[in-house]
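Descriptive analysis of the structure
Listed below, chain by chain, are the residues.
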Amino acid sequence: MPILVTGSRGTVGSTLLTLLHEQGLSVRAGSRSPDKLTVPPGVESVRCALDEPSTFAAALDSVTSVFLYAEPSHIGAFAEQAASAGVEHIVLLSSSSVLDPDSADNPIAASHLAVEQALAAAPVTTTVLRPGAFAGNARQWARALRSAGVIELPYPGSYGDPVHERDLAEAAVAVLTRPELRGGTYHLTGPQSLTFAEQIAVLERVAGRGIAVRAVSRDAWRASVSAYLPDEFAEALLDYWASTDGSPAHLTGTLEQLTGRPPRSFTTWAEEHAEAFRA
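Anyway, here's the lowdown on the structure attached to this text.

What counts and what doesn't
- Residues numbered from 1 in each chain as written.
- Predicted model: local features only at pLDDT ≥ 70, side-chain atom pairs only at ≥ 80, totals over all residues.
- Heavy atoms only, no water.
- Buried < 20%, exposed > 50% of the residue type's maximum accessible area, 1.4 Å probe, protein only.
- Helix = DSSP H or I, 4+ residues; strand = E, 2+ residues; numbered from the N terminus.
- Pairing = 2+ DSSP bridges.
- Core = buried A, V, L, I, M, F, W, Y, C linked by side-chain atoms within 4.5 Å.
- Contact = heavy atoms within 4.5 Å.
- Expected span 1.5 Å × (residues − 1).
- Salt bridge = Lys/Arg side-chain N within 4 Å of Asp/Glu carboxyl O.

Digging into the pairing of strand β2 (residues 27-31)
Of all five residues making up β2, five are buried, and the element is well covered by its neighbours. On β2, burial covers both faces: Val 27, Ala 29 and Ser 31 on one face and Arg 28 and Gly 30 on the other are all buried. Both strand β1 (residues 3-5) and β2 contribute to a ladder of three bridges, which runs parallel. Looking at β2, one finds that Ile 3 is bridged to Val 27. Relative to strand β3 (residues 44-47), β2 is paired through four bridges, and the arrangement is parallel. The residue of β3 that forms the bridge with Ala 29 is Ser 45.

Put into structure tokens, the structure is as follows:
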């Protein structure tokens, strides 16, 4: 009986799909656009859009476990249909932002918190992964360099705990395949607390080039992203970065506990993606 991996076009989902398949496990790739997936030979793909309940039944048919992204719009219906289909275990990719004191009022954290709460009330065992910032968020800087030749930062001294996405996929494999880990809640961080400026210095080193950085005001940054980022989300990010400006991130050893190996560094991620940052 297969494991359903939702969001199979995402970096974590696609990596998880491959890792589970390599272990000889039956896996089903769920995606809003299954025709655009590249899956290992023999892996079934199915349409599963988490904001379209009509896609849930076919995706969940005969499934024992689910890897789930935190989409709150119809989480009640998803949990209900999962239970009806006989799903025994859901692994939720949530966010460490739910640990913040204002999580219920923060639009980014609140969506993850709503999904966690809905699953906690559902009759299906849920395991929660709460990662910090994805290392892959640095890709936005590569796009900025290509379009404007400079990275604009409102809080260059804001600290993060960048997590390599493959580490998250390996953690998901662990909790999906080891029964003793089921039902836990795991705060996952990278191995280092790094400011934005320090992350860019790493990218400069591995790319072999200087990267222009310009400090900008909150208003200027908000205006620069207004075409694609709603104002409430931009404001939430700015407030979070302000709160972590000059304050090192709390690190956990949870990834190593789950996977049996130290988490990959931001330098490792940068070396793997250096070409995107070269002139």
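There's plenty left to go through after this.
Examining the nonpolar core
Counting 29 residues, the largest nonpolar core has Leu 16, Leu 20, Phe 67, Leu 129, Leu 188 and Leu 258 as its most contacted members. For this core, the secondary structure elements donating two or more residues are β1, α1 (11-22), β2, β5 (89-93), α6 (165-177), β9 (185-188) and α10 (254-259). Broken down by element, the residue count for this core peaks at eight residues, all from α6. If we skip the residues at most four places from it in the chain, Phe 67 touches Leu 4, Val 5, Thr 6, Val 12, Gly 13, Leu 16, Val 91, Leu 93 and Ala 172. The next biggest cluster of nonpolar side chains, apart from the first, holds 27 residues, and it includes Ala 135, Val 202, Leu 203 and Ala 270.

Side note on helix α9 (residues 231-243)
Quick reminder: α-helices carry 3.6 residues per turn. Residues three or four places apart thus point the same way. Between its first and last C-alpha atoms α9 spans 18 Å; for 13 residues at 1.5 Å apiece the expected length is 18 Å, and the two agree. The complete set of buried residues in α9 reads Ala 234, Ala 236, Leu 238 and Trp 241. Structurally, α9 contributes buried residues whose contacts are with α4 (107-120), α7 (196-207) and α8 (218-224).

Some details on the pattern of salt bridges
With the rule as written, the count across this model stands at 17 salt bridges. In this structure, the salt-bridge partner of Glu 170 is Arg 166, at a minimum N-O distance of 3.3 Å. Taken as a pair, Glu 170 and Arg 166 lie in helix α6 at a separation of four residues, close to a single helical turn. Judged by its relative accessible area of 16%, Glu 170 is buried. Residue Arg 166 is classed as partly exposed on the basis of its relative accessible area of 33%. In this structure, Arg 222 engages Asp 231 in a salt bridge whose closest nitrogen and oxygen atoms are separated by 3.5 Å. Each of Arg 218, Asp 219, Arg 222, Asp 231, Glu 235 and Asp 239 takes part in salt bridges that share partners, so that together they form one network.

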